[in-house]
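# Results of the structural survey
The chain contents come next:
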Amino acid sequence: LVDNLSDRDRQLKHDSQLFNDFFRNFPIPVTMWSLDKEGNVIAKRGNTVILEEGTCLGNMFHEEYSEDFKEAHKKAFAGQNVGFFSNLPNKTYYTRLVPRHNENKEIIGLTGISWDITSNFSILEYLQEIKDLAEEDSKIYQLADLALNSSRIKSLLSGENSGK
């Protein structure tokens, strides 16, 4: 797709600018990062997960995230697609880690994305409360039931698309 190195460099700069523009304007609270196979941070962008200054996996995440994130990253570096929830005080995140491979199918790093789903969980809790209080044959019960059963987070909670 590129004719020479200067074309490639221009394309990389353009792609990097698109990536930066995306995260500067993305309305959903997400953070994305990319690590090489040694755990060095290649890129990190986003507006939700606190990323401490640092260059390796061992210290890139805020202390409260360390254990579950480190364990999940180890699984991803071993070749697994990993999806998991982190329940922190007043916050809930869904994180997905995907190994990156070279042309020889060797793992060369991983990409991760964390989505702050706190408000989504609050909505699910309210819907469940409405459903619990409503009469089973009422319209409000049916609407709450429909919303709960069609929720994307509900499918994540039940294990669908978890990458396991």
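Residues numbered from 1 in each chain as written. Predicted model: local features only at pLDDT ≥ 70, side-chain atom pairs only at ≥ 80, totals over all residues. Heavy atoms only, no water.

Right, let's talk about the overall build of the protein for a bit. From N to C terminus, the protein includes 6 helices and 5 strands. Counting from the amino terminus, helix and strand elements in the protein follow one another as α-β-β-α-α-β-β-β-α-α-α. Taking all 164 residues of the protein together, 32% fall into the buried category. When contacts within the protein are restricted to residue pairs at least 6 apart in sequence, long-range pairs at least 24 apart make up 41% of them. Counting every atom, the protein has about 10600 Å² of accessible surface; 52% of that belongs to carbon and sulfur. (Helix = DSSP H or I, 4+ residues; strand = E, 2+ residues; numbered from the N terminus. Buried < 20%, exposed > 50% of the residue type's maximum accessible area, 1.4 Å probe, protein only. Contact = heavy atoms within 4.5 Å. Areas by Shrake-Rupley, 256 points an atom, 1.4 Å probe, with all protein chains shown as cover.)

Moving on, we get to the pairing of strand β1 (residues 30-36). Among the 7 residues of β1, 6 are classified as buried, and the element is accordingly described as predominantly covered. Note that β1 and strand β2 (residues 41-46) share 5 bridges and pair antiparallel. Bridge pairing links Trp33 to Lys44 in β2. Taken together, β1 and the strand that follows it, β2, pair antiparallel across an intervening segment of 4 residues, in which Gly39 is found at a positive phi of about 90°. (Pairing = 2+ DSSP bridges.)

Okay, the nonpolar core next. Trp33, Leu35, Phe69, Ala72, Ala76, Val82, Phe84, Leu97 and Leu110 together form the largest nonpolar core, which totals 9 residues. Elements with a minimum of two residues in this core: β1, α3 (66-77) and β3 (82-88). Broken down by element, this core gets its largest block of residues, 3 residues, from α3. (Core = buried A, V, L, I, M, F, W, Y, C linked by side-chain atoms within 4.5 Å.)

A few words on the packing of helix α4 (residues 118-133) against helix α5 (residues 139-149). Across the interface, α4 lies against α5 with an axial gap of 9 Å and an inter-helix angle of 145°. Between α4 and α5 the crossing geometry is left-handed. Only Ile140, Tyr141, Ala144, Asp145, Ala147 and Leu148 of α5 make contact with α4, whose side of the interface consists of Leu124, Leu127, Gln128, Ile130 and Lys131. The residue inventory of the contact of α4 with α5, partitioned by class, reads 8 nonpolar, 1 polar and 2 charged. (Axes fitted to C-alpha atoms, helices over the stretch in contact; angles between N-to-C directions. Left-handed = near helix turned anticlockwise from the far one by under 90°. Nonpolar A, V, L, I, M, F, W, Y, C, P; charged D, E, K, R; others polar.)

Inspection of the secondary structure assignment puts Ser114 in strand β5 (residues 107-116). A relative accessible area of 0% means that Ser114 is categorised as buried. Within the structure, the side chain of Ser114 is placed 2.6 Å from the side chain of Thr95, a separation counted as a polar contact. (Polar contact = N/O pair within 3.5 Å; in protein donor to acceptor, adjacent residues only side chain to side chain.)

Below, the discussion takes up α4. Its 16 residues place the ends of α4 23 Å apart at the C-alpha level, agreeing with the 22 Å of an ideal helix rising 1.5 Å per residue. Taken as a whole, α4 has its buried residues at Phe121, Leu124, Leu127 and Lys131. All buried residues of α4 project into a common sector of 120° when viewed along the axis, lining one side. Along α4, the residues that are exposed and aim more than 90 degrees away from the buried face are Ile123, Glu125, Tyr126 and Leu133. (Expected span 1.5 Å × (residues − 1). Arc of directions from axis to C-beta.)

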